[in-house]
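Understanding the architecture of this molecule
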Amino acid sequence: MKPFERVVAEHGATVLRVCRAVLGPVDAEDAWSETFLSALKAYPRLDEGANVEAWLVTIAHRKAIDVTRVRARAPIAVPDVAELTHEPSRDGLPERGVEQRDADLWRALAALPPKQRQAVAYHHVAGLSYQEVAAILGGSTEAARRAASDGMATLRRTYPPTDPSAVRAPSSARASKGSAS
């Protein structure tokens, strides 16, 4: 079995990109850290032939659920909260500058319904098969394929934005999509 440090080096950026796509830039690094802390404890018991990347994305998914639950119980923020001091990076590594185009992409991803955002992140960012995505999200392979397809179709329509203000309000986009379902 590979040393755990090598596993982190090989899959760390992918896991961080998945965390950012699912949770956004604010909570992603904490979820990334929690993912690798949990993985470190379980790594010695992992089967030799296991798909390590899929295993790590599964752990990241569970950590994202935990963060989402904590967020739901958190007090509502006041309207004049300061903006982020940095934007997410293209390669998933913290502390790197990005173009405005990348910030628009993150906003477009945040506007997707959670299942679509997760399916897009797990399949298109992490490179997992639809069967692996279905195992993480629960449901059938076809449902995972459909969620990723619908998410990508929405991204093709909304990104790059023709009107930048169109993707700057993800909460209103989510609310309108949720009411149509």
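Computed from a predicted structure; not experimentally measured.

1. What about the packing of aromatic side chains?
Tallied over the entire structure, the rule returns 4 aromatic pairs. Here W32 and F36 contribute two aromatic rings whose centre-to-centre distance is 4.9 Å and whose plane-to-plane angle is 55 degrees, an arrangement assigned as tilted. Taken together, the residues span about one helical turn, with W32 and F36 both in helix α2 (residues 25-42) at a distance of 4 residues. Owing to a relative accessible area of 6%, F36 belongs among the buried residues under this scheme. Centre to centre, the rings of Y43 and W55 are 6.3 Å apart; their planes meet at 40 degrees, and the pair counts as tilted. Of this pair, Y43 sits in the loop between α2 and α3 (52-73) while W55 is found in helix α3, placing the two residues 12 residues apart along the sequence. Residue class for Y43 comes out buried when judged on its relative accessible area of 7%. Through a chain of ring-to-ring contacts, the aromatic side chains of F4, W32, F36, Y43 and W55 assemble into a single cluster.

2. Observations regarding the nonpolar core
Counting residues in hydrophobic clusters, the biggest one holds 45 residues, and the most contacted among them are W55, L56, Y122 and L128. Sorting the residues of this core by element identifies α1 (4-23), α2, α3, α4 (100-111), α5 (114-125), α6 (130-137) and α7 (141-158) as the ones contributing at least two each. The residues contacting W55, other than those within four sequence positions of it, are A39, A42, Y43 and L46.

3. As for the environment of E5
When you line up the elements, E5 lands in helix α1. Sequence-wise, E5 and L40 are 35 residues apart; in three dimensions their C-alpha atoms are separated by 9.4 Å.

4. Looking at the confidence of the model for the chain
Looking at the chain, the pLDDT average stands at 80 and 73% of residues meet or exceed 70. Looking at the elements of the chain, mean pLDDT is at its lowest for helix α8 (residues 170-180), recorded as 41, and at its highest for α7, recorded as 94. Scored below 50 in pLDDT, residues 166-181 makes 19 contacts in the model with residues more than four places away or belonging to other chains.

5. Here's the deal with the pattern of salt bridges
Following the criterion strictly, the structure yields 4 salt bridges and no others. The salt bridge partner of K2 is E10, with a shortest N-O separation of 2.7 Å. A salt bridge links D150 to R146, with the nearest nitrogen and oxygen atoms 2.9 Å apart. Pair noted here: D150 and R146 are both in helix α7, with a separation of 4 residues, about one helical turn. When its relative accessible area of 26% is taken as the criterion, D150 is described as partly exposed. One network of salt bridges, with partners in common, ties together K2, R6 and E10.

6. Some thoughts on the packing of α1 against α5
Between α1 and α5, the shortest axis-to-axis distance is 9 Å and the interhelical angle comes to 160 degrees. On the basis of their axis angle, the class for α1 and α5 is roughly antiparallel. Every pair of crossing elements has a handedness; the one defined by α1 and α5 is right-handed. Where α1 abuts α5, its residues T14, R17, V18, A21 and V22 lie against R117, Q118, A121, Y122 and V125. Here the contact of α1 with α5 is built from residues that sort into 6 nonpolar, 2 polar and 2 charged.

Thresholds, definitions, all that
Residues numbered from 1 in each chain as written. Predicted model: local features only at pLDDT ≥ 70, side-chain atom pairs only at ≥ 80, totals over all residues. Heavy atoms only, no water. Phe/Tyr/Trp six-rings, centres within 6.5 Å; stacked < 30°, edge-to-face > 60°. Helix = DSSP H or I, 4+ residues; strand = E, 2+ residues; numbered from the N terminus. Buried < 20%, exposed > 50% of the residue type's maximum accessible area, 1.4 Å probe, protein only. Core = buried A, V, L, I, M, F, W, Y, C linked by side-chain atoms within 4.5 Å. Contact = heavy atoms within 4.5 Å. pLDDT = per-residue confidence, 0-100. Salt bridge = Lys/Arg side-chain N within 4 Å of Asp/Glu carboxyl O. Axes fitted to C-alpha atoms, helices over the stretch in contact; angles between N-to-C directions. Parallel < 35°, antiparallel > 145°, perpendicular 65-115°, else oblique. Left-handed = near helix turned anticlockwise from the far one by under 90°. Nonpolar A, V, L, I, M, F, W, Y, C, P; charged D, E, K, R; others polar.

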